[in-house]
Amino acid sequence: MALLHGAAVTVLAKYEVFNPTDKTLFTSLALAVLVGAAAGWSAVDAWQGKPERGKNWFIAALIAGPVSGVLYVIGRAVFVDQTGASELGGALTGGAAFSALLVLIPAGLGLFVGGLIAKKAPAEEEDDEDEAQPASGKPAGKPSQA
């Protein structure tokens, strides 16, 4: 997640250099991709029943924040405008907090939705088994004794 966030913010910075007044749509699309990635990935984790998935996503958010900030500064220095280490302070405070929340909140939503999907699937299978029973109340396949 940190690599995805760092790359997205670097691409946004590069886009802003060439289009300083027209960045609203591109920024919205980048945020949608980041939110969708975290929500989708965590929903799959919940759907598969991964152990300690909430704790893992919390730790992932804590790591993704500062690492994406460092990757942003490196990416901006290499690909955009030769930014120096002076940008590292802002990237490790406000930028890191925003990135951590941008992982944690959609991941929580994804875990909730994935958990609902996982609980719903076995209930549908039980309904199908109930419909397979004959109307007489006797189990199918057993002959009746006369």
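Just so we're clear, the structure is a prediction, and the values are computed from it rather than from any experiment.

About the criteria used
Residues numbered from 1 in each chain as written. Predicted model: local features only at pLDDT ≥ 70, side-chain atom pairs only at ≥ 80, totals over all residues. Heavy atoms only, no water. Helix = DSSP H or I, 4+ residues; strand = E, 2+ residues; numbered from the N terminus. Buried < 20%, exposed > 50% of the residue type's maximum accessible area, 1.4 Å probe, protein only. Contact = heavy atoms within 4.5 Å. 1 Å grid on protein atoms, 1.4 Å probe; cavity = no way out; pocket = protein on both sides within 12 Å on 5 of 7 lines; lining within 4 Å. Points joined across faces, edges and corners; volume = space filled by probe spheres on them. Nonpolar A, V, L, I, M, F, W, Y, C, P; charged D, E, K, R; others polar.

1. With respect to the environment of A46
Argument step 1. Mapped onto the secondary structure, A46 falls in helix α2 (residues 24-48).
Argument step 2. A residue is classified by how much of its surface remains accessible, and A46, at 3% relative accessible area, is buried.
Argument step 3. Between the alpha carbons of A46 and L111 there is a distance of 5.2 Å; along the sequence they are 65 residues apart.
Argument step 4. With near-sequence residues (within four places) excluded, A46 lies in contact with R53, G110, L111, G114, G115 and A118.

2. Some words on the layout of surface pockets
Argument step 1. By volume, the largest pocket is sized at about 230 Å³.
Argument step 2. At the level of elements, α1 (2-18), α2, α3 (53-81) and α4 (88-132) are the ones that each hand at least two residues to the lining of the largest pocket.
Argument step 3. A breakdown of the residues in the lining of the largest pocket according to their chemical character gives ten nonpolar, six polar and no charged.
Argument step 4. As a volume, the second largest pocket reaches approximately 190 Å³.
Argument step 5. What lines the second largest pocket is simply V9, L12, A13, E16, V17, K23, T27, Y72, R76, V80 and D81.
Argument step 6. Mapped by element, the contributors of at least two residues to the lining of the second largest pocket are α1 and α3.
Argument step 7. Broken down by element, the lining of the second largest pocket gets its largest block of residues, five residues, from α1.
Argument step 8. The residue makeup of the lining of the second largest pocket, split by class, is six nonpolar, one polar and four charged.

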